[in-house]
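Secondary and tertiary structure notes
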Amino acid sequence: MVTLRDDTFRGITALMHETVGLAFADSKKSLVSSRLGPRIQRLGLASFEDYLALIRNDEGGGGEFQAAIDLLTTNETYFFREPAHYALLEQELTRAKPASLAVWSAASSFGDEAYSTAMLLADLQQQGRIGVDWRVLGTDISDRVLRAATEAVYPEERLREVSPERLRRHCLRGEGTSAGLVLMHERLRERVRFGQLNLCQPIEAIGPFDVVFLRNVLIYFDPPTKAEVVDRVLSQLRPGGLFFIGTAEGRVACKAPLDVLAPGAFRKRAAPA
Ligand SMILES: C[S@@+](CC[C@H](N)C(=O)[O-])C[C@H]1O[C@@H](n2cnc3c(N)ncnc32)[C@H](O)[C@@H]1O
């Protein structure tokens, strides 16, 4: 078993902090060791020092650096996670009846959040409660999850919060060797796009969005990085737009003025003149 030295632990965490904003307290040394140790052995490397050299050289590339991020974060997600947020979105959209709508799932993981939103919007459109011009963008740092998101195939278990009627309307059930899997219907796939985006680096103008989900990703960042990320993301949300973070992520200090609507749900106020 390889041993993680303190200086190498600091080297790994400094690299992760500078590049993707991940923050690890000293108490997380055993977590980092247990997540990366088996990978080091699988790669046939002799030490954590060799692994650090490998990911340093690959920084920004699609190889081992990406694999390390995947191992150090969790991509856990499922359809209609935190259902109260979708209920609030439905209520707000029903009230506002927007003719067009752009939604950003900004740490989309495998796309469950983006497709949950697309199911809701497709239903609201069908009921005449929103216009026909809507789209959803999902972004994440991990190319592995983005590849899966683009395929739009999910284990049924991840759709446990989806009603049977909604499942029938929006999903195709796999048979034979694909039993237990569901494919998002073409009608949804054509509205949802995915792309790679690091929330900890300056971003080009991709908005403005009417709704932004930034859920269950802020937990990885330290308070200054959290505030920077939130302000960067909110710069892409139009005034009056809705902003969601995970309900367990606490209060977020940011420059943009927000009105609280419900736990983890906010409306961006217009900037003072
Ligand atoms: C737990 S998942 C959240 C998925 C979804 N938003 C939800 O709430 O179910 C966290 C995602 O954040 C992504 N992530 C971590 N650091 C990131 C960064 N700096 N930029 C963009 N995405 C990041 C991870 O790759 C992971 O897919």
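What counts as what
Residues numbered from 1 in each chain as written. Predicted model: local features only at pLDDT ≥ 70, side-chain atom pairs only at ≥ 80, totals over all residues. Heavy atoms only, no water. Buried < 20%, exposed > 50% of the residue type's maximum accessible area, 1.4 Å probe, protein only. Helix = DSSP H or I, 4+ residues; strand = E, 2+ residues; numbered from the N terminus. Pairing = 2+ DSSP bridges. Near = heavy atom within 4 Å. Polar contact = N/O pair within 3.5 Å; in protein donor to acceptor, adjacent residues only side chain to side chain. Areas by Shrake-Rupley, 256 points an atom, 1.4 Å probe, with all protein chains shown as cover. Nonpolar A, V, L, I, M, F, W, Y, C, P; charged D, E, K, R; others polar. Domains from an automatic or database assignment. Contact = heavy atoms within 4.5 Å. Buried area = accessible area lost by both parts, 1.4 Å probe. Salt bridge = Lys/Arg side-chain N within 4 Å of Asp/Glu carboxyl O. Phe/Tyr/Trp six-rings, centres within 6.5 Å; stacked < 30°, edge-to-face > 60°. Lys NZ or Arg CZ within 6 Å of the ring centre and 35° of its normal.

All right, on to the pairing of strand E5 (residues 181–184) then. Alternating residues of E5 divide into Val182 and Met184, all buried, and Leu181 and Leu183, none buried. Sheet topology places strand E3 (residues 153–155) next to E5; three bridges connect them, and they run antiparallel. Bridge assignment links Pro155 to a residue of E5, and that residue is Leu181. Strand direction decides the pairing type here: strand E4 (residues 171–173) and E5, joined by three bridges, are antiparallel. Among the inter-strand pairings, Arg173 is bridged to a residue of E5, identified as Val182.

All right, on to the site of the ligand then. Residues in close proximity to the ligand total 20 residues, the closest being Thr77, Arg81, Ala107, Asp140 and Asn216. Val20 is positioned such that a nitrogen or oxygen atom in its backbone is 3.1 Å from a nitrogen atom of the ligand. At 2.7 Å, a side-chain N or O of Asp140 approaches an oxygen atom of the ligand. In isolation the ligand exposes 600 Å². Once the protein is present, 99% of that is buried. In terms of residue class, the shell around the ligand is made up of eight nonpolar, seven polar and five charged.

The domains assigned to the protein are domain 1 (6–72) and domain 2 (83–268). Each of domain 1 and domain 2 has a C-alpha centre, and the two are 29 Å apart. Contact residues are listed per partner, giving 11 residues for domain 1 and 12 residues for domain 2. Of the roughly 860 Å² buried between domain 1 and domain 2, counting both surfaces, carbon and sulfur atoms make up 44%. On the domain 1 side of the interface with domain 2, the three residues burying the most area are Val20, Gln66 and Asp70, jointly 43% of the side's total. Counting across the domain 1 and domain 2 interface gives one salt bridge. Residue Arg144 pairs with Asp70 through a salt bridge whose shortest N-O separation is 2.9 Å. Remark: the boundary between domain 1 and domain 2 carries eight residue pairs in polar contact (both at pLDDT 80 or more). Looking at the side of domain 1 that touches domain 2, the elements with two or more residues in it are helix H1 (6–20) and helix H4 (64–72). At four residues, H1 tops the list of elements feeding residues into the side of domain 1 that touches domain 2.

Under the counting rule described, the total for this entry stands at eight aromatic pairs. Considering the side-chain rings of Phe79 and Tyr154, the 5.0 Å spacing of their centres and the 85° angle between planes classify their relative orientation as edge-to-face. Of this pair, Phe79 sits in the loop between H4 and helix H5 (83–96) while Tyr154 sits in strand E3, placing them 75 residues apart in sequence. Residue Phe79 is classed as buried on the basis of its relative accessible area, which comes to 0%. Taken together, Phe79, Tyr115, Tyr154 and Phe194 form an aromatic cluster joined through their ring pairs. When the ring centre of Tyr78 is taken as origin, the NZ or CZ atom of Arg160, which lies over that ring, is 4.2 Å away. Just above the ring of Trp134 sits the side chain of Arg191; from NZ or CZ to the centre is 4.3 Å.

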